[in-house]
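Chain by chain, the residues run as shown.
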Amino acid sequence: MRKSARIALILGAVALAAGGALYLLRPGPLHKDSAALRLDASTQLINKGEYLARLGDCIACHTEPNGPAFAGGRAMPTPFGALYVPNITPDDETGIGQWTADEFYRMMHTGITRDGSLMYPAMPYPSYTQVTREDSDAIYAYLMSITPVKRKNREHELRFPYNNRDLLIGWRTLYFKEGEYQPNPKQSAEWNRGAYLVKGLGHCAMCHTAVNALGGSSEAKAFEGGMIPNQNWYAPSLTSNREAGLGNWTIKEITDLLQAGVSHRGTVYGPMAEVVFNSLQYMTDEDAKAMAVYLKALPQKDSSPPPTSQARLVSPETMELGRKTYVAQCAMCHGEDGRGHPPDYPPLAGNQSITMESPVNSIRMVLNGGYPPGTKKNPRPHGMPPFSHILNDEEVAAVTTYIRVAWGNSGTPVNAKQVNDLRTLLPE
Ligand code: HEC
Ligand code: HEC
Ligand code: HEC
């Protein structure tokens, strides 16, 4: 009772300000019930906060698989040990029920938590720092409106010396730049909206930036791609047309990829499929377009034409084993000519996510198969079966090599050891 009274008060205060503004704008006599207006404004604020929380993908980390939403407990493995993500439901004792909007904004903006301690950047505050006060307040209002869940936080299990938060002072000096997003007046409103989402709430840099030994990513290397620690997935560079750079994609192809999870160029899979599932599919068409405009315009680092086919590096025997395996196992979906049947079955010919330097993702797809996410725009995706129990290391290497060099693809060959390393790391 006490709690809901307080929430009502907080929301009331915010709504009062908004409601007041509405009143001033309203023409005609002021006879509409002011309590009703206040309610409208607070519902609007909560809805906005819910939308923004989705763009920030808070639920993905702050929810244990099959656990109550936002109640924490999920283990986040890092090279330094496991972090257990806290409860952010508005429970007074175990969640963030006692937090004020100021404290919440300070956390988002500076990475300093309520009790004043420094936070691990596994919470993407290095990106969220760009979020405006207004948007932070909306997310806060939304979180305060959800059902509180009583669930005690679990202590992190980090190895010495990483369990000492004071160490983060050094990390912050090197890698953390505090500050809200500053619009670039030379660019369109749409581009700026896209930049704000990609750099801020979208926290795309958290994965799409090479992560150094301390878990830091520097601004100069923004969006250059890298292996995601402990996950054995490669997050490709968004600034290279030879990886996930989108300079050559149409806006429609990009918005399809982000919202539906499938496109005529390729599909999302692995951790990116989860990002689309939990977060990006909920973007409005306007926000998806803004993001696409910004991503397409990101300066590309490789302006030289891509290298030509490396097929000549492959022995005729390997090429023949790869081709035979492909025809027998893959061609029914991806086509003998590699053009697939997009958007359901992605093309492999000319697909950047196959020819990029790191072959890790393609090897994993062949071993484990996968499903694009089920989304509002593509509710029943077609999947790909796993081949780990059908093909041995040589065959997987040969077929992966084949798809990387056939049809003029500019990838490099893969060997059986690379396949075996991943096979032993991955669950069946
Ligand atoms: C990539 C995973 C990840 C995402 C996404 C994420 N968080 Fe977190 N969050 C964490 C981790 C890990 C911590 C604990 C950090 C620490 O202990 O220093 C944390 C801590 C917090 C805390 C502090 C809680 C406390 O009791 O101290 C709040 C509040 C919070 N997150 C809110 C959010 C919100 C709001 C969003 C979405 C806009 C979000 N988080 C998205 C991983 C994440
Ligand atoms: C949890 C880590 C993670 C986050 C956060 C993340 N990505 Fe990704 N992304 C990946 C991985 C891994 C891949 C490679 C798999 C794939 O291609 O689908 C990828 C692939 C991509 C691709 C290439 C898809 C293709 O088929 O060529 C694009 C474009 C992309 N991401 C954009 C984004 C944007 C924009 C954001 C922020 C809104 C984002 N990513 C956030 C991990 C992530
Ligand atoms: C039953 C149909 C089917 C078969 C057979 C199949 N695939 Fe796929 N493949 C798919 C689908 C659907 C996806 C998208 C999966 C996703 O996004 O998680 C996919 C994705 C891929 C990708 C990632 C490309 C991208 O942009 O998403 C690669 C690489 C790939 N397949 C290679 C192969 C190889 C090599 C074989 C044979 C050994 C094969 N596939 C057999 C349906 C199939």
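Before reading further, recall that the structure is shown in the block above.
What this report covers is the structure whose coordinates are included nearby. Nothing here was measured: the structure is a model prediction, and the numbers come from that model.

About the thresholds
Residues numbered from 1 in each chain as written. Chains lettered and ligands numbered in written order. Predicted model: local features only at pLDDT ≥ 70, side-chain atom pairs only at ≥ 80, totals over all residues. Helix = DSSP H or I, 4+ residues; strand = E, 2+ residues; numbered from the N terminus. Buried ≥ 20, exposed ≤ 12 C-beta atoms within 10 Å, placed from the backbone. Contact = placed C-beta atoms within 7 Å. Near = placed C-beta within 6 Å. Nonpolar A, V, L, I, M, F, W, Y, C, P; charged D, E, K, R; others polar. Domains from an automatic or database assignment. Expected span 1.5 Å × (residues − 1). Arc of directions from axis to C-beta. Core = buried A, V, L, I, M, F, W, Y, C linked by C-beta atoms within 7 Å. Pairing = 2+ DSSP bridges.

## Overview of the overall build of the protein
Inference 1: Looking only at helices and strands, one finds 18 helices and 5 strands in the protein.
Inference 2: Sorting the 428 residues of the protein into buried and exposed places 40% on the buried side.
Inference 3: Considering only contacts within the protein whose residues lie at least 6 apart along the sequence, 66% involve residues at least 24 apart.

## Description of the site of ligand 3
Inference 1: Taken together, 28 residues are adjacent to ligand 3, and Gly 266, Cys 330, Cys 333, Gly 370 and Met 384 come closest.
Inference 2: Secondary-structure elements contributing two or more residues to the shell around ligand 3 are α14 (331-334), α15 (352-355), α16 (360-368) and α17 (393-405).
Inference 3: Grouping the constituent residues of the shell around ligand 3 by class yields 18 nonpolar, 10 polar and no charged.
Inference 4: Taken domain by domain, the shell around ligand 3 gets at least three of its residues from each of domain 2 (198-297) and domain 3 (311-425).

## A closer look at helix α13 (residues 316-329)
Counting along an α-helix, one turn takes 3.6 residues, and residues three or four places apart therefore face a common direction.
Inference 1: The first and last C-alpha atoms of α13 sit 20 Å apart over 14 residues, in line with the 20 Å expected at 1.5 Å per residue.
Inference 2: Those residues of α13 not exposed but buried are Thr 318, Gly 322, Thr 325 and Tyr 326. The buried side chains of α13 occupy one side of the element, clustering within an arc of 100° when seen end-on. Projecting away from the buried face of α13 at angles above 90 degrees are the exposed residues Pro 316 and Glu 317.
Inference 3: As for α13, its buried residues are in contact with α14 and α17.

## Things to note about the environment of Asn 392
Inference 1: Along the chain, Asn 392 turns up in the loop between α16 and α17.
Inference 2: Using a count of 14 C-beta atoms within 10 Å as the deciding quantity, one classes Asn 392 as partly exposed.
Inference 3: Between the C-alpha atom of Asn 392 and that of Leu 367, which follows or precedes it by 25 residues, the distance is 9.6 Å.

## Observations regarding the nonpolar core
Inference 1: In terms of nonpolar packing, the biggest core is built from 80 residues, with Leu 258, Met 291, Leu 295, Val 396 and Val 399 touching the most fellow members.
Inference 2: Beyond its immediate sequence surroundings of up to four residues, Leu 295 is in contact with Gly 194, Val 198, Leu 238, Leu 246 and Ile 254.

## Section: unusual backbone geometry
Inference 1: Here the bond from Phe 160 into Pro 161 is cis, since omega is 0°, no more than 30 degrees from zero.
Inference 2: One can find Pro 161 in the loop between β3 (157-158) and α7 (168-175).
Inference 3: Cis peptide bonds are those with omega within 30 degrees of zero, and the linkage from Pro 342 to Pro 343 qualifies with 5°.
Inference 4: Of note, Pro 343 is situated in the loop between α14 and α15.
Inference 5: One non-glycine residue with positive phi stands out, namely Phe 70, at about 65°.
Inference 6: Tracing the backbone shows Phe 70 in the loop between α3 (58-62) and β1 (75-78).
Inference 7: Its 25 C-beta neighbours within 10 Å are what place Phe 70 among the buried residues.
Inference 8: With phi around 50°, Trp 407 is a residue other than glycine that occupies positive phi space.
Inference 9: Here Trp 407 shows up in the loop between α17 and α18 (416-425).

## Some words on the environment of Trp 191
Inference 1: For Trp 191, the position within the fold is in helix α8 (residues 189-199).
Inference 2: The partly exposed category is assigned to Trp 191, around which 18 C-beta atoms lie within 10 Å.
Inference 3: The spatial distance from the C-alpha of Trp 191 to the C-alpha of Ala 292 is 8.6 Å, given a sequence separation of 101 residues.
Inference 4: Other than its neighbours up to four places away in sequence, Trp 191 contacts Val 293, Tyr 294 and Ala 297.

## Digging into the site of ligand 1
Inference 1: The immediate surroundings of ligand 1 are formed by 22 residues, with Gly 56, Cys 58, Cys 61, Met 119 and Met 123 found nearest.
Inference 2: Counting residues per element, the shell around ligand 1 draws most heavily on α3, at 4 residues.
Inference 3: Class assignment for the residues of the shell around ligand 1 results in 18 nonpolar, 3 polar and 1 charged.

## Describing the sheet that holds β1
Inference 1: Reading across from one edge, β1-β2-β3 is the order of the 3 strands in this open sheet, with antiparallel pairing throughout. On the outer flanks of this sheet lie β1 and β3, each paired with one strand and no other.
Inference 2: Where strand β2 (residues 81-84) lies against β3, 2 bridges are found, and the strand directions are antiparallel. Bridge pairing in β3 links Gly 81 to Leu 158.

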